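# Breakdown of the fold
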Amino acid sequence: MEEKYLPAGEQEAARNSPFQTRNASSSHIALLTADELSALAGSCTFCKEEKLRSKKLIDKIFAEGKSVSHAGFALYYYTTPLLTRYPMQAAFAVPKRYHRLAVNRNRIKRLMREVWRKNKMPLYMALAARQTQAAVMWMYRGKSIPDYVTCEQRMLSLIHKLQNALT
RNA sequence: AGUUGCAGGUGCCCGGUCGCUCUUUGCUGAAAGGCGAAGGGAGGAAAGUCCGGACAACACAGAGCACCGCACCACCUAACGGGUGGGGAGGACACACAACGUUCUUACAGACAGUGCCACAGAAAAUAACCGUCCGCCACAGGCGCGAUAAGGGUGAAAACGUGCGGUAAGAGCGCACGUCCUGCCGGUGUAAGCCGGCAGGAGGGCAAACCUUGCGGGUUGAAAGCUCACAUAUACCGGCGCCCGAGGGCUGCUCGUCCGAUUGUACGCCGGGGGGUAGAGCGUUACAGGUGCCGCGCGAGCGGUAUCGCAGAGAAAUGACCGGGGGUAUGCACAGGCAUACUACAGAAUCCGGCUUACAACCUGCAACUAUUU
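Values in this document were obtained by computation on a predicted structure and should not be read as measured data.

A few words now on the sheet that holds strand E3 (residues 88-93). Two strands in a sheet stick together by hydrogen bonds in their backbones, pointing the same way (parallel) or opposite ways (antiparallel). What the 4 strands build is an open sheet, ordered E1-E2-E4-E3; its pairing is mixed. Each of the sheet's edge strands pairs with one partner strand only, and the pair in question is strand E1 (66-70) and E3. With direction set aside, neighbouring strand axes in the sheet form an average angle of 20°. Relative to strand E2 (residues 73-79), E1 is paired through 5 bridges, and the arrangement is antiparallel. Each residue of the ladder has a partner; that of Val-68, found in E2, is Leu-75.

What follows concerns the nonpolar core. Residues Met-88, Met-112, Trp-116, Val-136 and Trp-138 are the most contacted members of the largest nonpolar core, which totals 29 residues. Counting only elements with at least two residues in this core, the list comes to E2, E3, helix H4 (102-119), helix H5 (121-130), strand E4 (134-140) and helix H6 (148-166). Take this core: its biggest share by element is 6 residues, from H6. In contact with Trp-138, other than residues within four places in its own chain, are Ala-74, Leu-75, Ala-91, Phe-92, Ala-93, Met-112, Trp-116, Met-155, Leu-158 and Ile-159. Formed by 13 residues, the second largest nonpolar core is a distinct cluster that contains Leu-52, Ile-58, Ala-135 and Met-137.

Let us look at the packing of aromatic side chains. This model, assessed by the stated rule, comprises 4 aromatic pairs. Their ring planes at 50° and their centres at 4.8 Å tell us that Phe-73 and Tyr-140 sit as a pair that is tilted. Of this pair, Phe-73 sits in strand E2 while Tyr-140 is found in strand E4, placing the two residues 67 residues apart along the sequence.

Conventions we followed
Residue positions are counted from 1 within each chain, in the order its sequence is given. The lettering of chains begins at A and the numbering of ligands begins at 1, in the order of writing. Where totals are concerned, whole chains, interfaces and linings use all residues; where local detail is concerned, this predicted model gives features only for residues with pLDDT of at least 70, and gives and counts side-chain atom pairs only at 80 or more. Derived side-chain values reflect all non-hydrogen atoms in the structure, with water molecules and hydrogen atoms excluded from consideration. For two strands to count as paired, DSSP must find a minimum of two bridges between them. Elements are defined by DSSP. Helices are runs of H or I of four residues or more, strands are runs of E of two residues or more, and each kind is numbered from the N terminus. Orientation is described by lines fitted to C-alpha atoms, with helices fitted over the stretch in contact, and by angles between N-to-C directions that extend from 0 to 180 degrees. In these notes, a set of buried Ala, Val, Leu, Ile, Met, Phe, Trp, Tyr and Cys residues joined through side-chain atoms within 4.5 Å is what counts as a nonpolar core. Buried residues are those whose accessible area, probed at 1.4 Å on protein chains only, stays under 20% of the maximum for their type, while exposed residues exceed 50% and partly exposed ones sit between those limits. Here, two residues are considered to be in contact whenever any of their heavy atoms come within 4.5 Å of each other. Only Phe, Tyr and Trp rings are paired, with Trp represented by its six-membered ring, and only when their centres lie within 6.5 Å; those with planes under 30 degrees apart are stacked, over 60 edge-to-face, the remainder tilted.

Set out below in structure tokens:
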């Protein structure tokens with residue numbers, strides 16, 4: 001038993017570690033500090049942990065969260081502790097009734113994800129400074145397929161709105 | 001050479017910057033993690049979810065009914081409502097016509113088992129009499145008939161086998177000859193469907209994608225199937241211990257005391273099992289009715305042998321975004337080489353296979369037809 005020299009609490013954590021559970025409190029997940037984030041500021045990533053994947057949380061965003069919208073784009077957000085070190089988790093959606101073909105929905109979601117990847121840092125910094133976390137849901141309800149530039153302009157204005165709302 | 005049709009195939013390429021996912025792996029760190037490296041990463045339809053399987057859970061003595069599906073024959077296949085080959089029927093080409101040929105289409109079992117339906121028109125759509133023809137009667141240029149008649153006319157998509165002769169009051173497969181079709185039997189041929197010939201009997205429309213009959217097949221639900229696990233928690237139930245009751249026994253011959261303790265109960269506490277529940281995690285889950293090449297067999301769909309390859313695995317769902325360059329096609333200007341602009345389809349895996357159907361820019365190959373030019 002090489003674990004015996006660990007403190008009792010950590011032994012418990014080690015025993016539980018193979019199984020991620022919803023009840024495991026986020027207390028033992030150390031949040032990224034603002035300093036650590038600023039070290040990452042140069043890179044623009046969007047990895048699995050930054051993706052919103054829990055169905056329960058998504059339902060909560062729509063039920064209890066707030067939203068801002070602009071020119072077809074809508075942004076739902078909900079401040080809550082997350083099971084990750086990152087300050088935010090994001091998801092993207094395009095309803096089927098606006099775009100019937102899966103190819104077009106995929107294209108729009110990829111554009112939105114690209115804009116988010118490149119422009120999310122200010123929100124990350126703001127949340128990390130206050131030691132809180134938030135889940136966000138992007139939604140596009142336009143009938144046309146936007147190009148990257150208009151996509152970026154409209155989403156940036158929503159990001160600014162959200163930043164003002166949070167601070 | 002071009003155009004059109006049919007069949008089959010391919011279904012844009014290269015570089016840069018910033019990213020995603022999976023596998024393997026290096027360095028670093030006590031750990032969480034951090035920084036890398038190499039490799040894999042949508043389709044011919046991934047689509048529609050229309051068939052058939054594999055797989056899984058549940059159900060299941062046997063038989064019948066109901067319901068659903070299929071329907072010329074043989075073969076291929078894991079299986080099929082799919083495919084290949086053949087037959088029948090029906091078109092098209094060619095042609096005086098037919099045959100042969102080429103090619104296309106075809107849910108193609110049964111209408112003497114029964115029931116039903118057949119618009120409009122027409123007298124009548126299946127136990128036919130409007131006109132006509134013949135016969136009879138009367139009040140005789142005409143009328144009447146609970147008379148006969150399916151040859152002719154007209155209607156219709158379809159009118160009660162066709163032509164000729166006989167026959168008759170007039171007629172009629174009423175009889176005969178030839179022909180057509182159906183059924184049965186025999187002979188030849190073919191694995192078979194069938195085809196060819198002969199004999200006998202019969203002939204009285206169609207519709208089974210009308211009910212139906214016959215034959216064959218079908219258990220239900222689908223990966224949110226299903227299996228496993230963990231944390232916390234309420235707890236049916238079971239076991240153990242504690243607790244409560246304490247027959248009896250030991251310590252002594254007796255009482256008290258104390259120890260052991262059958263048995264009964266357990267509202268309660270603890271421990272273990274247990275089933276329940278939570279879209280939490282893992283498995284199922286990507287190796288195969290597998291792809292490609294070669295050889296052999298088969299008319300063919302395919303089959304056999306052999307060599308070789310390892311070829312997505314996400315999970316509110318990766319396979320991308322931006323920029324630059326090059327192909328290709330179309331149009332315009334030039335028309336000797338070019339230049340500019342536009343377009344670059346249909347469309348995104350979700351357990352996996354085999355089909356079918358539908359969508360599709362451009363290019364390639366083969367066949368057929370047509371047009372033009374050259375020899």
